[in-house]
Amino acid sequence: MFVELKAGLLNRSLMSVKHILRTVVIAFFSLSTSTAIADKAVEAQVQSILQDMTLEQKVGQMIQGEIKWVTPEDVTKYHLGSVLNGGGSFPNQNKGSSADDWLQLADSYYHASLDRGGGGAGIPLVWGTDAVHGHNNVIGATLFPHNIGLGVANDPALMREIGEITAREVAVTGIDWVFAPTVAVVKDYRWGRTYEGYSSESPIVRSYAGEIVKGMQGEPGELRTNSERVIGTAKHFIGDGATYRGIDQGEVTMDLEQLLEEHGQGYYKALDAGVQTVMASFNSWNGVKLHGHKQLLTDVLKGSMGFDGFVVSDWNGIGQVDGCNNESCAQSVNAGVDMIMAPEDWKALLFNTIAQVKSGEIAMSRIDDAVTRILRVKIRAGLYEKGAPSTRKVAGKTALIGAPEHRAVAREAVRKSLILLKNKNQILPLKPNQHVLVTGDGADNIGKQNGGWTITWQGTENKNSEFPGATSIYAGLESGLKNIGSTSELSVDGSWTKKPDVAVVVFGEEPYAEGVGDIESLVFNDGDKTDLKLLQSLKKQNIPVVAVFLTGRPLWMNAEINSSDAFVVAWLPGTEGGGIADVLIADAEGQPRYDFTGKLSFDWPFAEQNKTDKSQPVADLLFTLGQGLAYGDKELIAGKLNEVSMTEGLSVAQIVFNGSNRAPFKAFIGDSSDWSRLVEGSKTKSAFGDLTVTTVDGTLQEDSRLVKWTGKRESQFFWQSEDALSLSDMSDKNGAVMVEFRVDKRPRGKVTQRMDCGWPCHGAQDVTKMFRRAPKGEWVTRGISLKCFKAVGADLEKVTTPFLLATSRSFAVTIKDVRIVPNAPADLIEYCDLEA
């Protein structure tokens, strides 16, 4: 595969004439893609249904709402064609919903869609879900390594198995459609979705795409009759991994030839395999949003590439098209979007789209084409023949959720996904009769080892108890060590009761998803050296250190590598932590049970920034594509690596909240009954119930928190860190606490913003005027200087709570971003009396 990859890069240099390349690329792959529309019987059935449908029924088929905002009664009344559950959305909004709960809701939607009593067309509804590394919304499911780890495995056959298992577990819950695979080719690791890509180069993506589609959908024709298969989705079309500076949903600038050559390969193979749906991407191409790009969606995808399934939009993606909003977008329909994902605003969108057809803004022929494609896919998927979800072959067979044979495949995938980058003195594998300390905040944290898109959208706020049947990395090591006569000890902070022969330190990135994971530079935990201090403290005690790094991307971490005797990249391995122990622990004779076979599918940075070209993440590489040690190999690192960061000595922003809590901060809510209650899930209430915090869509999916006071008693909302922060240096550089917010209801009384330094140490400012002056319903950014808080008592050397809002009167504000920044823009800073 890696020979093929290098050859592919060489071939790219031979393609020089643009108009010839366009002809060759499109013509060649058009021939290799199945362009023949399904058999005549399917087409006849489609036309038979279509000719009897009203405009309202047709447009209803094109609408997809979210289960939080769509009832079965809505499906019947408005002829809806689809629903989805977003990440972190569950039946009855119960995170602990069982497989049977999912199945019952699927049945309710199905029967509602067939109800003709209210003038319906009797077309089965299709339910879509983001099962991107297993059935990741369902408690107890088998969760595989994220795609970045699977790319390292370099095993297309394994991808088909993973697709089959994912489809089977999804089918148990009665769901018909999976929003996977992602076939992005990731060029900038600062992108928050890097871990959703298999590789930074197209050959690996190309080799995987068709296999996982076949695993999910089966061979051509099998989807219609096999109830263990589900509809797949190739996403996100096209160029999502190529945006400038890796900015999520950003801009891609290149010509069509390069776009197809570098970022289209996965789609060609997915289409060859018969993928039934393609999801449009949030990004722009040469200034035009993909959701409104007729050339790419219609002319290229449906025309040149011969795709005859349907195009679905992403979450409120239409709202980003020029001239559109979440409730109205004729441009997207005209560009070639067939089904519109409109989670909350689906009803307004439905009415507006009907009106646009009647006015001629959208041609009836475009509606008929879209509905033809949707009906074609539903027929091919067997939705007319398979019956109610609960009546199908594997429906309700809950033993298949997280089945041992499924977990065995996931464990194999973990073994194959591991990368060994350093093994000084062959400290690995761990030998018999050793005492091993297992430490670090990722050692016994199943949520952290899974990353984003795990039960919740961001993968945060999960507990080990919410992963029945799963194995933490520590549990896997404990079991494996015991089998060879070794002992183990667990601690988070590196403390021990018996001095260990070796320490395994498991640490890494906190979970994130999508744009929440975007970063400015590739420095690991820039400004937070907690993990490095742990590694160094063990080294100072002459304890050999094995580092196991959990990450969604390669990162600059030379100091952490220097402070480790062995360095293993485990990526985001999923629920089967035992796969790590399989490779790290020797057999009873001291020989490897499994060797490291993983090879980098992304380059690894040597420097964390690119001084000459800020559009590129790095200029120098430490490890390159295809590298990775096996036991006994010569070391890749000759000596000590440079540990001086280009950002060292500079004050950088301390992000507190940006779509999700940023380590080390957690959100809390409180009143006089309990001043410090952890904010968890999609909605949290204070003890007396007078303050609620709800996860809401701001400008992007679930990127904001609505904080609402009823006004009955004083209540507070805040972010806090267990460890104190020093903000004195930031204050000296005109630092401020900056907040991006939207006032939803103006405050009826005094609002206080506070900074705490270990209560009762604090500094408080009256911010009532700031919130009363802010335009209601509009996003604004305002800040308060750190000097303001210092002037009224805050000790900036030991800040634990950088942001707290409190009031005793009614008030509602939605918060999207909180950060502490140096050199704060003066025009956004609120006045305060420093003499107060």
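Criteria and thresholds
Residues numbered from 1 in each chain as written. Predicted model: local features only at pLDDT ≥ 70, side-chain atom pairs only at ≥ 80, totals over all residues. Heavy atoms only, no water. Helix = DSSP H or I, 4+ residues; strand = E, 2+ residues; numbered from the N terminus. Rg over C-alpha atoms; globule rule 2.2 N^0.38 Å. Buried < 20%, exposed > 50% of the residue type's maximum accessible area, 1.4 Å probe, protein only. Contact = heavy atoms within 4.5 Å. Areas by Shrake-Rupley, 256 points an atom, 1.4 Å probe, with all protein chains shown as cover. Lys, Arg positive; Asp, Glu negative; His and termini not counted. Charge placed at Lys NZ, Arg CZ, Asp CG, Glu CD. Disulfide = S-S within 2.5 Å. Pairing = 2+ DSSP bridges. Salt bridge = Lys/Arg side-chain N within 4 Å of Asp/Glu carboxyl O. Axes fitted to C-alpha atoms, helices over the stretch in contact; angles between N-to-C directions. Parallel < 35°, antiparallel > 145°, perpendicular 65-115°, else oblique. Left-handed = near helix turned anticlockwise from the far one by under 90°. Nonpolar A, V, L, I, M, F, W, Y, C, P; charged D, E, K, R; others polar. Core = buried A, V, L, I, M, F, W, Y, C linked by side-chain atoms within 4.5 Å. Arc of directions from axis to C-beta. Polar contact = N/O pair within 3.5 Å; in protein donor to acceptor, adjacent residues only side chain to side chain. Phe/Tyr/Trp six-rings, centres within 6.5 Å; stacked < 30°, edge-to-face > 60°. Lys NZ or Arg CZ within 6 Å of the ring centre and 35° of its normal. pLDDT = per-residue confidence, 0-100.

> Talk me through the overall build of the protein chain; I want residue IDs and the actual numbers.
For the protein chain, the helix and strand inventory stands at 25 helices and 32 strands. Compactness check: the protein chain gives a C-alpha radius of gyration of 27 Å against a globular reference of 28 Å for 836 residues, within 12% of the reference. With the C-alpha coordinates of the protein chain rotated into their principal frame, the extents come out at 75 × 70 × 55 Å. Counting the 836 residues in the protein chain, one finds 61% classified as buried. Taking as baseline every contact in the protein chain between residues at least 6 positions apart, the subset at least 24 positions apart corresponds to 77%. Approximately 30000 Å² of the protein chain is accessible, and the part contributed by carbon and sulfur atoms is 49%. Between the centroid of the 86 positive side chains of the protein chain and the centroid of its 102 negative side chains there is a distance of 2 Å.

> So what about the state of the cysteines? Which residues, and what values?
Here the structure, examined in full by the defined rule, presents 3 disulfides. There is a disulfide in this structure between C757 and C761, and the S-S distance comes to 1.8 Å. Disulfide C757-C761: torsion about the S-S bond near -85°, hence left-handed. The disulfide partner of C788 is C832, and the S-S distance across this bridge is 1.7 Å. Linking C788 and C832, the disulfide has an S-S dihedral of approximately -85° and is accordingly described as left-handed.

> I'd love a proper account of the sheet that holds strand β6 (residues 251-252), names of residues and values included.
Within the open sheet, the 3 strands sit side by side as β6-β8-β9. Their pairing is mixed. Edge positions in the open sheet fall to β6 and β9 (288-289), since each of these has one partner strand only.

> So what about the pattern of salt bridges? Which residues, and what values?
All chains considered together, the criterion is met by 43 salt bridges. A salt bridge links R713 to D690; the nearest nitrogen and oxygen atoms lie 2.3 Å apart. Separated by 23 residues along the polypeptide, R713 in the loop between β25 (704-709) and β26 (715-721) and D690 in the loop between β23 (683-685) and β24 (691-696) bring together distant segments of the chain. On the basis of relative accessible area, R713 is assigned to the partly exposed category, the value being 32%.

> Run through the sheet that holds strand β17 (residues 566-571), naming residues and quoting values.
Pairing is mixed across the open sheet formed by 6 strands, whose spatial order is β12-β17-β16-β15-β13-β14. Both edges of this open sheet fall to β12 (419-423) and β14 (487-490), since each of them pairs with a single strand only. Ignoring which end each strand starts from, the neighbouring axes of this sheet average 20° apart. Across 6 bridges, the pairing between strand β15 (residues 502-508) and strand β16 (residues 545-550) is parallel. Bridge pairing in β16 places A503 opposite V545.

> An account of the pairing of β17 is needed here, citing residue identities and associated values.
By the criterion of burial, β17 is predominantly enclosed, with 6 of the 6 residues buried. Along β17, one buried face is formed by A566, V568 and A570 and the opposite face, lined by F567, V569 and W571, is buried too. Looking at chain direction, β12 and β17 are connected through 4 bridges and run antiparallel. In the strand pairing of β17, I419 is matched with V569. Sheet topology places β16 next to β17; 5 bridges connect them, and they run parallel. The residue bridging A547 from the neighbouring strand is F567, located in β17.

> I'd love a proper account of the packing of helix α8 (residues 156-172) against helix α9 (residues 202-217), names of residues and values included.
At a closest axis distance of 7 Å, the pairing of α8 and α9 adopts a crossing angle of 30°. Considering their axes alone, α8 and α9 lie roughly parallel with respect to each other. Considering only the axes of α8 and α9, their crossing is right-handed. Contacts from P156, M159, R160, G163, E164 and A167 of α8 reach α9 at S207, Y208, E211, I212, K214, G215 and M216. Tallied by class, the residues present in the contact of α8 with α9 amount to 6 nonpolar, 3 polar and 4 charged.

> Provide a residue-level description of the environment of R380, including the pertinent values.
Position of R380 among the secondary structure elements: in helix α16 (residues 364-380). Judged by relative accessible area, R380 falls into the buried class, the value being 14%. Measuring from C-alpha to C-alpha, the distance between R380 and K431 comes to 54 Å, with 51 residues separating the pair along the chain.

> Give me the lowdown on the nonpolar core, citing residues and values where you can.
Formed by 129 residues in total, the largest nonpolar core has its most connected members in Y109, W127, F237 and L296. Here the element with the most residues in this core is α8; it accounts for 8 residues. Other than its neighbours up to four places away in sequence, Y109 contacts I67, V70, T71, P72, V75, V83, L125 and W127. Core analysis: the next-biggest nonpolar cluster, separate from the first, contains 42 residues, I148, L421, L535 and L600 among them.

> I'd like a rundown of the packing of α9 against helix α12 (residues 265-272), residues and numbers included.
Contact pair α9 / α12: the axes reach a minimum separation of 7 Å and the direction vectors enclose 25°. Taken together, α9 and α12 sit at an angle that is classed as roughly parallel. Relative to α12, α9 is oriented so that their crossing is right-handed. Contacts between α9 and α12 involve S202, V205, R206, A209, G210 and V213 from the first element and Q265, G266, Y268, K269 and A270 from the second. For the contact of α9 with α12, the residue count by class is 5 nonpolar, 4 polar and 2 charged.

> Any chance you could break down helix α3 (residues 40-50) for me, citing the residues and the numbers?
For α3, the full list of buried residues reads V42, E43, V46, I49 and L50. Viewed end-on, α3 has its buried residues packed into an arc of 125°, placing them on one side of the element. Opposite the packed face of α3, turned more than 90 degrees from it, sit the exposed residues K40 and A41. As for α3, its buried residues are in contact with α4 (55-61), α10 (222-225) and α16. Two to three positions downstream of the cap, the backbone nitrogen of A41 sits 3.1 Å from a side-chain oxygen, assigning the N-cap of α3 to D39.

> Run through the packing of aromatic side chains, naming residues and quoting values.
Here a ring pair, both rings aromatic, is described through the centre-centre distance and the interplanar angle of the planes. For the structure shown, the criterion picks out 24 aromatic pairs. Among the aromatic residues, ring-to-ring pairing joins F507, F524, F549 and F567 into one connected group. Across the ring face of F688, the terminal group of R713 is positioned such that the distance to the ring centre comes to 4.0 Å. Its guanidinium or amino end placed over the ring of W779, K816 lies 4.3 Å from that ring's centre, counting from NZ or CZ.

> Go over unusual backbone geometry, please, and point to the residues and values.
With an omega dihedral of 5°, the bond running from L428 to P429 counts as a cis peptide bond. Assignment of secondary structure puts P429 in the loop between β12 and β13 (435-439). That bond from A663 to P664 is cis: its omega, 10°, falls within 30 degrees of zero. Looking at where P664 falls in the secondary structure, it is placed in the loop between β20 (654-658) and β21 (665-671). A positive phi angle, close to 50°, is found at E514, a residue other than glycine. Along the polypeptide, E514 turns up in the loop between β15 and α20 (530-540). In the Ramachandran plot, N542 falls in the positive-phi region, its phi being about 60° despite a non-glycine side chain. Position of N542 relative to the elements: it lies in the loop between α20 and β16.

> Which residues make up the side chain of S281, and what are the values?
Within the secondary structure layout, S281 lies in the loop between β7 (277-280) and β8 (284-285). The residues contacting S281, other than those within four sequence positions of it, are H236, F237, I238, D240, L290 and H291.

> Run through the confidence of the model for the protein chain, naming residues and quoting values.
When pLDDT is averaged along the protein chain, the result is 92, and 93% of the positions lie at 70 or above. In the model, residues 1-37 has pLDDT below 50 throughout and makes 53 contacts with residues more than four positions away in sequence or in other chains.

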